[in-house]
Amino acid sequence: MTSNQHRIAVMPGDGIGAEVMEAALGVLDAAERRFGFATARERVPGGALLYRETGAALPEDSFNRARDADAILFGAMGWPDIRYPDGTEIAPQLELRVRLDLFAGVRPIRAIPGVRGALADPRAETIDLVILRESTEGMFASRGKGLVTHDYAEDTQRITRACTEKLSHFAFNLARRRKSRGGKGLVTLVDKANVFASFAFMRQVFHEVAARHPDIAARHHYVDAMALDLVRRPWEFDVLPMENLFGDILSDLGAGLIGGMGFAPSADVGATHALFQPSHGSAPDIAGQGIANPTAMILSLAMMLDWLAETRAAPALADAAAAITGAVDTAFGTHRLRTADLGGATGTVALGRTIAALVADGAVDPT
Ligand code: ATP
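This is a predicted model, so every value here is computed, not measured.

1. Let's talk about the site of the ligand
Taken together, Ile 16, Met 261, Gly 262, His 280, Gly 281, Ser 282, Ala 283, Asp 285, Ile 286, Ala 292, Asn 293 and Asp 341 are the residues near the ligand. Measuring from a nitrogen atom of the ligand, one finds a side-chain N or O atom of His 280 at 3.2 Å. Within the contact set of the ligand, a nitrogen atom lies 2.9 Å away from a backbone nitrogen or oxygen of Asn 293. Compared with its free state, where it exposes 620 Å², the ligand has 63% of that area covered by protein. Looking at the shell around the ligand residue by residue, the class counts come to five nonpolar, five polar and two charged.

This is how it looks when you write it as structure tokens:
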């Protein structure tokens, strides 16, 4: 392995996870050739089907290999009728988030040219926001620990100062980077501080951190009002940090605004590690048919290259990330390709190849 090789743990997982991963790796091949960098990719097993075969969804060796890589590229894991004995779903991604402290779930909701989302308003073409889902605590801190008696059940939400401070700094730094590329420079905390002490605490800590980022505007918004405003005026928002369960829900709403789950990428980022995966799951209803939209996976790949560019001081990777994003826009906007989720006939492999070709031939200017 040469010193400029980046080690990538490739975890395709279950269902369409494996299908969209293949498409993304073809795009990565093209980006490497054009921009002169190399990755060392290691396939790392995990997922619900592995659990059914072996009794382990994320074997310790897989965890170690993911942890030791420079970045993790992840498809999707889980399958509805394969469950742990307590009835919960197989979700190694949740385990990786907690064990690697990937506290920041970055979920860009950006309108892609030519892709019609749920809103008819022409301003929907300018939607460009990021749902920043706290990913290690909140309601999910109760996962596997809830109390169930004959008469009642109870899950407890946990919000810590340390994590809220980290998430808030992350939000302001992200807004500043986006502002340098034409973003709005606005961070809006989404909470329910009018009802719960934990959210009043979160809001207070958020504003303490905001005072240290005076160049970025800081606001807060109740989650119920945000559900309304994400439908009514999503183009006005920029970076939206929020508690874990709120982020889980609102990121699916956000995906609906831009054409569906097939268009929503994500990154789970911590201080030292990061995992990149589409926001969608393994989609058993369409798995094996070759019709999954690989765009979310390919845009997650672009996010991985951007993150590596920044954390490993490798500017060529930032150019590659921009070229991939541009190629996605060209495929849908200029070439008018239509995947099955848009009612079209372009399959997973065909879209992946088109985007790879656009990246390879330089038809898309990375600037
Ligand atoms: P999870 O809880 O594991 O995130 P989920 O239960 O929310 O998963 P998904 O697997 O994300 O469900 O699928 C939700 C719906 O979106 C399904 O109808 C699925 O077919 C569709 N879908 C998800 N991803 C894609 C994709 N890449 N292309 C086309 N349709 C998709």
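2. Some points on the pairing of strand S3 (residues 71–76)
S3 sits mainly inside the fold: six of its six residues count as buried. Relative to S3, strand S1 (residues 5–13) is paired through five bridges, and the arrangement is parallel. Of the residues in S3, the one forming a bridge with Ile 8 is Ala 71. Two elements, S3 and strand S12 (residues 274–278), share two bridges in a ladder whose sense is parallel. Bridging from a neighbouring strand, Leu 73 pairs with Phe 276 of S12.

3. Thoughts on the sheet that holds strand S5 (residues 128–134)
With respect to topology, ten strands assemble into an open sheet ordered S2-S1-S3-S12-S11-S4-S5-S10-S8-S9, the strand pairing being mixed. Of all strands in the sheet, those with a lone pairing partner are strand S2 (38–43) and strand S9 (217–222), marking the two edges. Strand after strand, the sheet turns through a mean of 25 degrees between neighbouring axes, direction not considered. Relative to S2, S1 runs parallel, the two being bridged by six bridges.

4. Some details on the packing of aromatic side chains
Both the distance between ring centres and the angle between the ring planes are used here to describe each pair of aromatic rings. Within this structure, the stated rule accounts for seven aromatic pairs. Their ring planes at 85 degrees and their centres at 6.0 Å tell us that Phe 103 and Phe 170 sit as a pair that is edge-to-face. A residue pair is termed long-range when its members are at least 10 positions apart, and Phe 103 in the loop between helix H4 (92–99) and strand S4 (104–110) and Phe 170 in helix H5 (residues 161–180) qualify at 67 residues. Note on accessibility: Phe 103 and Phe 170 belong to one class, buried. When the ring of Phe 276 is compared with that of Trp 307, the centres are 5.9 Å apart and the planes differ by 55 degrees; the resulting orientation is tilted. In this pair, Phe 276 sits in strand S12 while Trp 307 sits in helix H9 (residues 295–311), placing the two residues 31 residues apart along the sequence. For Phe 276, a relative accessible area of 1% translates into the label buried. Take Trp 307: its relative accessible area is 12%, and that puts it in the buried class. The rings of Phe 196, Phe 199 and Phe 246 are connected pair by pair, giving a single aromatic cluster. Over the ring of Phe 63 we find Arg 99; its NZ or CZ atom is 3.7 Å from the centre of that ring. Residue placement shows Arg 133 over the ring face of Phe 140; its charged tip is 4.9 Å from the ring centre.

What counts and what doesn't
Residues numbered from 1 in each chain as written. Predicted model: local features only at pLDDT ≥ 70, side-chain atom pairs only at ≥ 80, totals over all residues. Heavy atoms only, no water. Near = heavy atom within 4 Å. Polar contact = N/O pair within 3.5 Å; in protein donor to acceptor, adjacent residues only side chain to side chain. Areas by Shrake-Rupley, 256 points an atom, 1.4 Å probe, with all protein chains shown as cover. Nonpolar A, V, L, I, M, F, W, Y, C, P; charged D, E, K, R; others polar. Buried < 20%, exposed > 50% of the residue type's maximum accessible area, 1.4 Å probe, protein only. Helix = DSSP H or I, 4+ residues; strand = E, 2+ residues; numbered from the N terminus. Pairing = 2+ DSSP bridges. Axes fitted to C-alpha atoms, helices over the stretch in contact; angles between N-to-C directions. Phe/Tyr/Trp six-rings, centres within 6.5 Å; stacked < 30°, edge-to-face > 60°. Lys NZ or Arg CZ within 6 Å of the ring centre and 35° of its normal.

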